[in-house]
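Single-letter residue listing:
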Amino acid sequence: MKKSIITLSLAAVLGFGSITVGMPIEKASAANKLNDLNSQKEKINQQRSGVESKLNDTDKKISENQGEQQSVQSEIERLDKAISDALAKIEEKNQEIADTKKEIEKLEAEIEILVERIKKRNELLKDRARNYQETGGMVSYIDVLMGAQSFGDFVERVGAVATIVEADQDILKAHQADKDELEKKQNQVKEELASLEKMRAELEGMKKSLNAQKAEKDKLLASLKHEEEEMHAHKLELAEENEILAAQEAALQKAIKLEQERQAEAARQAELARQKAAAEAAKKSSSSAGSSSSSDSGSSSSPQVSAPSVSSGAWTRPAAGRLSSGFGSRSLGEHFGVDIAAGGTVPIVAAADGVVIRSYYSSSYGNAIFIAHSVGGQTYTTVYAHMRSRSVGSGQTVSKGQQIGIMGNTGQSYGQHLHFELHRGSWNAGKTNAINPIGIVPL
Ligand SMILES: [Zn+2]
């Protein structure tokens, strides 16, 4: 809506300019000035859509990065689960191994008891056999046999002796069998233990590899996060750039409006002067009307709104102080402005008439003000940085020499100074329009 009105009125002004080829030069140049403002606005529009698409690209990259982070995160979750599974299994195996070891110990104790028992029994049997020989025990056996009253009785007695011997032998055999059984069982359990220990070793290996995989994923996630942070920072820079461009567009629209009003007022004044001159010419009826008209308009004491001309008079020094750093390359890199340093409370003033594009705090510029100017048909942008305070707001109209703030040391600044930039045309992030103010602005 607003835009269409401006376009219409611009068209009217332009149309007026083009049909008045034979009219005074000021009118044609005024039309050119509006033309220039309009083309500046177009350029800013293009830059803005460039920034807009960069912002979109960055947003896309951020969401891609976030998607990647999510998949890495779920990989990490999967690995975490696998690791805790492995740990649980290892714990289980540890328990089984401990149980098996206890069983082996128990079996060993049982075997030891049996071995001891067999040993004692053997000794007992040996002692008994020795006793038979030494004390005539064997004789007693023979006596027992010899004492038989009949053959039947003898057989019975032999059987009894054999039974006693056999019983001893059976006990020994049983003991031996028990011992063999226990040893067999012990071997089985030992095999079981070996297999458990092998499984545990495998699980430990698996855990180690899972941990290594997880460490790698953690590293990847950290690098993705770092990348995302950088993209956010880049986005912030683009957003700041976009805001300045948007504000610049608004300031230029305002400058166009002011220029239209100034032209209308100038036309009104010119008409008044022409009428006055015509009346005077009729009264005096002297020399040519044309020359009297021009001399009258020059000597008139009424408030004349003169078009800004390309002259040193259009600019003024923005602050008092010494020039501490010039324009161009220096050790810290390209310097896109000049520095004016002074101590105490130093007022900063607008270097020319204009419209405040932006008045804000920037992490690099500190308290900063951007002003759009239209001088002699050329647009300029001035930047005032590191201020202690700002006294004008965005969109405000300022006049040459009007105080806009106080010199300071805010943002990326080392010592109180004013960092002053002059751009021919509009400001852009690459600062490709920055020019040396010396020779234009009296410094
Ligand atoms: Zn500087």
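Note that the structure is a prediction, hence the values are computed from the model and not measured.

Draft legend 1. Just the sheet that holds strand β5 (residues 347-349), in detail. Within the open sheet, the three strands sit side by side as β5-β11-β9. Their pairing is antiparallel. Taken across any chain shown, the strands that pair with only one partner, and hence form the sheet edges, are β5 and β9 (389-390). With three bridges connecting them, β5 and strand β11 (residues 403-406) associate as antiparallel partners. Within the sheet, the bridge partner assigned to V349 lies in β11 and is Q403.

Draft legend 2. Here's a closer look at the coordination of the zinc ion. Only H335 (NE2), D339 (OD) and H419 (ND1) from the protein reach the zinc ion as donors, at distances of 2.0 to 2.2 Å. Sequence positions of the donors to the zinc ion reduce to the motif H-x3-D-x79-H. Like H335, the residue D339 is buried in the burial classification.

Draft legend 3. Focus on the nonpolar core. Formed by 26 residues in total, the largest nonpolar core has its most connected members in W315, I348, I369, I371, Y384, I404 and L418. For this core, the elements supplying multiple residues, two or more each, are β4 (338-341), β7 (366-375), β8 (378-387) and β12 (418-424). Contacts of I348, omitting those with residues within four sequence positions, involve P318, A319, Y384, M387, Q402, Q403, I404, G405, I406, M407 and L418. In terms of nonpolar packing, the next biggest core, distinct from the first, is built from 13 residues, Y360, A372, V383 and A385 among them.

Draft legend 4. Quick peek at the pattern of salt bridges. With the rule as written, the count across this model stands at twelve salt bridges. In this structure, K217 and E75 form a salt bridge, with 3.8 Å as the shortest nitrogen-oxygen distance. You can see K217 sitting in helix α4 (residues 151-284) and its partner E75 sitting in helix α2 (residues 25-134), a full 142 residues away along the chain. Relative accessible area serves as the criterion here: at 27%, E75 is assigned to the partly exposed category. Members of the salt-bridge network, linked through shared partners, are E75, R78 and K217.

Cut-offs applied
Residues numbered from 1 in each chain as written. Predicted model: local features only at pLDDT ≥ 70, side-chain atom pairs only at ≥ 80, totals over all residues. Heavy atoms only, no water. Pairing = 2+ DSSP bridges. Helix = DSSP H or I, 4+ residues; strand = E, 2+ residues; numbered from the N terminus. Donors = N, O, S within 2.8 Å, 3.2 Å for Na, K, Ca; no water. Buried < 20%, exposed > 50% of the residue type's maximum accessible area, 1.4 Å probe, protein only. Core = buried A, V, L, I, M, F, W, Y, C linked by side-chain atoms within 4.5 Å. Contact = heavy atoms within 4.5 Å. Salt bridge = Lys/Arg side-chain N within 4 Å of Asp/Glu carboxyl O.

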